[in-house]
Amino acid sequence: MKGSAIAPARRRAADRLPPLACGHRDPLLCLAAPSGPSTYSLTPAQLAAEVARCRVRGWSEADLAARFDTPQAAP
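About the thresholds
Residues numbered from 1 in each chain as written. Predicted model: local features only at pLDDT ≥ 70, side-chain atom pairs only at ≥ 80, totals over all residues. Heavy atoms only, no water. Helix = DSSP H or I, 4+ residues; strand = E, 2+ residues; numbered from the N terminus. Buried < 20%, exposed > 50% of the residue type's maximum accessible area, 1.4 Å probe, protein only. Contact = heavy atoms within 4.5 Å. Areas by Shrake-Rupley, 256 points an atom, 1.4 Å probe, with all protein chains shown as cover. Expected span 1.5 Å × (residues − 1). Arc of directions from axis to C-beta. Salt bridge = Lys/Arg side-chain N within 4 Å of Asp/Glu carboxyl O. pLDDT = per-residue confidence, 0-100.

A. Just the overall build of the protein chain, in detail. In terms of helices and strands, the protein chain carries five helices and zero strands. Counting from the amino terminus, helix and strand elements in the protein chain follow one another as α-α-α-α-α. Scored against the burial criterion, the 75 residues of the protein chain give a buried share of 13%. Pairs at least 24 residues apart make up 38% of the contacts formed inside the protein chain by residues separated by at least 6 positions. Carbon together with sulfur atoms contributes 61% to the accessible area of the protein chain, which is approximately 5700 Å² in total.

See the structure below:
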């Protein structure tokens, strides 16, 4: 099977399985999904700049809180 055909085949196979405890059907998706808010090892200044950039792009405060450790990003 060629590399380009693996993803659709894997998706079809995962659709036949019952959901895992996390709700995903493919365990690779669980491994790729972030476990919670993260700073991605940024310095506080870099984190604040990234949060500000996301705000300008229209991210809601709930989206920012879910993705970043926003109290740490406070200037």
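B. Structural detail: helix α3 (residues 44-56). Between its terminal C-alpha atoms α3 stretches 18 Å, which fits the 18 Å expected from 13 residues at 1.5 Å a residue. Those residues of α3 not exposed but buried are Leu47, Val51 and Cys54. Here the buried residues of α3 occupy an arc of 60 degrees about the axis, which is enough to place them on one side. Residues of α3 that are exposed and angled more than 90 degrees away from the buried face: Ala45 and Val56. One or two steps after α3, the chain reaches Gly58, where phi turns positive at roughly 100 degrees.

C. Focus on the pattern of salt bridges. Taken as a whole and judged by the stated rule, the model has three salt bridges. Among the ionic pairs, Arg10 bridges to Asp26, the shortest N-O distance being 2.7 Å. Placement of the pair is Arg10 in helix α1 (residues 3-15) and Asp26 in the loop between α1 and α2 (27-32), with a sequence separation of 16 residues. With relative accessibility at 36%, the residue Arg10 sits in the partly exposed group.

D. Structural detail: the confidence of the model for the protein chain. Looking at the protein chain as a whole, its pLDDT mean stands at 78, while 75% of the residues score no less than 70. α3 holds the highest mean pLDDT among the elements of the protein chain, 88, whereas helix α5 (residues 70-73) holds the lowest, 66.

E. Examining the environment of Ala52 more closely. Note on placement: Ala52 falls in helix α3. Residue Ala52 is classed as partly exposed on the basis of its relative accessible area, which comes to 36%. Here the alpha-carbon distance between Ala52 and Leu64, two residues 12 residues apart in the chain, equals 9.7 Å.

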